[in-house]
Amino acid sequence: MVWTSRDFLLGVHLVAAIMWVGGVAFIGWAVYPASQFMRPLERQQFFRSLMQWSHRPLAAAGAVVIATGIWLGTAAGPINRWADVWQTAYGRVWLTALLTGIATLAWGMFVGYRKAMTAFSNEDLWRQADDGDDAPLKKAMTSIIAVQSVEAAGFVVLIVCMLLLS
């Protein structure tokens, strides 16, 4: 089997997408529920460390997905001129995916991450939960989940676009 540069680029695109979407999903659906068995102050330190450690690699994976997606649609794909974006079904879906990817990455980097780190840095909130009053912490965590669900919705749109483009 002969690999072309487009095949290699598609492989990079898919691996980066798996890292980005899979990393965010793993934190939300596996790490977060498992962390509920930790004491609040331990959970706070864990979440803060996890977010600080994972933020840049996950954002970088998202940026790679966007960059390779641009390349796959244009230089290595069917979009040869601006009119192809507006006048073809592929171009319109590709543009939807591009704008959704940029918005999803920006939301995760600038809104979701900041919202989470604000809550994870609030010492009083976590100390209060550790002392037995966890209602404010539950409210803050519910707010983080709501904000992060926008990123999850973006991932769903991106997956639908990729299915339409394949």
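Higher on the page you've got the structure.
These notes cover the structure that comes with them. The structure presented is a predicted model; accordingly, all values stated were derived computationally and were not measured. (Residues numbered from 1 in each chain as written. Predicted model: local features only at pLDDT ≥ 70, side-chain atom pairs only at ≥ 80, totals over all residues. Heavy atoms only, no water.)

### Comments concerning helix H5 (residues 123-130)
Right, so step 1: Residues of H5 that are buried: Leu-125, Trp-126 and Ala-129. Viewed along the axis of H5, the buried residues span an arc of 90°, placing them on a single side of the element.
Right, so step 2: The opening residue of H5, the one whose side-chain oxygen lies 3.2 Å from the backbone nitrogen of Asp-124, is Asn-122.
Right, so step 3: Just downstream of H5, Gly-132 is the residue with a positive phi angle, here 115°. (Buried < 20%, exposed > 50% of the residue type's maximum accessible area, 1.4 Å probe, protein only. Helix = DSSP H or I, 4+ residues; strand = E, 2+ residues; numbered from the N terminus. Arc of directions from axis to C-beta. Polar contact = N/O pair within 3.5 Å; in protein donor to acceptor, adjacent residues only side chain to side chain.)

### As for the pattern of salt bridges
Right, so step 1: For the structure on display, the rule yields five salt bridges.
Right, so step 2: One salt bridge connects Glu-123 with Arg-48, and the closest N-O pair in it is separated by 3.3 Å. Placement of the pair is Glu-123 in helix H5 and Arg-48 in helix H2 (residues 40-73), with a sequence separation of 75 residues.
Right, so step 3: The exposure class of Glu-123 is partly exposed, given its relative accessible area of 32%.
Right, so step 4: Notably, a salt bridge pairs Asp-134 with Lys-138, separated by 3.5 Å at the nearest N-O pair.
Right, so step 5: Residue Asp-134 is classed as partly exposed on the basis of its relative accessible area of 32%.
Right, so step 6: Judged by relative accessible area, which is 52%, Lys-138 ranks as exposed. (Salt bridge = Lys/Arg side-chain N within 4 Å of Asp/Glu carboxyl O.)

### Description of the layout of surface pockets
Right, so step 1: There is about 740 Å³ of room inside the largest pocket.
Right, so step 2: Around the largest pocket, the lining is made up of 30 residues, and of these Val-24, Ile-27, Gly-28, Gln-148 and Glu-151 lie nearest the centre.
Right, so step 3: Of all the elements in the fold, those that place two or more residues in the lining of the largest pocket are helix H1 (5-35), H2, helix H4 (89-120) and helix H6 (135-165).
Right, so step 4: Broken down by element, the lining of the largest pocket gets its largest block of residues, ten residues, from H6.
Right, so step 5: When its residues are assigned to classes, the lining of the largest pocket shows 23 nonpolar, six polar and one charged.
Right, so step 6: The volume enclosed by the second largest pocket comes to roughly 590 Å³.
Right, so step 7: Lining the second largest pocket are 25 residues, with His-13, Val-65, Leu-158, Met-162 and Leu-165 sitting closest to its centre.
Right, so step 8: When residues in the lining of the second largest pocket are grouped by element, the largest group, eight residues, is from H1.
Right, so step 9: Grouping the constituent residues of the lining of the second largest pocket by class yields 19 nonpolar, five polar and one charged. (1 Å grid on protein atoms, 1.4 Å probe; cavity = no way out; pocket = protein on both sides within 12 Å on 5 of 7 lines; lining within 4 Å. Points joined across faces, edges and corners; volume = space filled by probe spheres on them. Nonpolar A, V, L, I, M, F, W, Y, C, P; charged D, E, K, R; others polar.)

### Quick look at the packing of H5 against H6
Right, so step 1: The interhelical angle for the contact between H5 and H6, taken along N-to-C directions, is 130°, at an axis separation of 8 Å. Put simply, H5 runs oblique to H6. Contacts between H5 and H6 involve Leu-125, Trp-126, Gln-128 and Ala-129 from the first element and Pro-136, Leu-137, Ala-140 and Met-141 from the second.
Right, so step 2: Considered class by class, the residues forming the contact of H5 with H6 number seven nonpolar, one polar and no charged. (Axes fitted to C-alpha atoms, helices over the stretch in contact; angles between N-to-C directions. Parallel < 35°, antiparallel > 145°, perpendicular 65-115°, else oblique. Contact = heavy atoms within 4.5 Å.)

### Things to note about the side chain of His-13
Right, so step 1: Turning to its location among the elements, His-13 is positioned in helix H1.
Right, so step 2: At 3.5 Å, the side chain of His-13 forms a polar contact with the backbone nitrogen of Gly-69.
Right, so step 3: Each residue touching His-13, except ones within four places of it in the same chain, is listed here: Val-65, Thr-68, Gly-69, Leu-72 and Met-162.

### Notes on the packing of aromatic side chains
Right, so step 1: Scanning the model with the defined rule gives six aromatic pairs in all.
Right, so step 2: Measuring from centroid to centroid gives 5.0 Å for Phe-47 and Phe-120, while their planes differ by 20°, and the two rings are stacked. In this pair, Phe-47 is assigned in helix H2 and Phe-120 in helix H4, connecting sequence segments 73 residues apart.
Right, so step 3: A residue is classified by how much of its surface remains accessible, and Phe-47, at 4% relative accessible area, is buried. (Phe/Tyr/Trp six-rings, centres within 6.5 Å; stacked < 30°, edge-to-face > 60°.)

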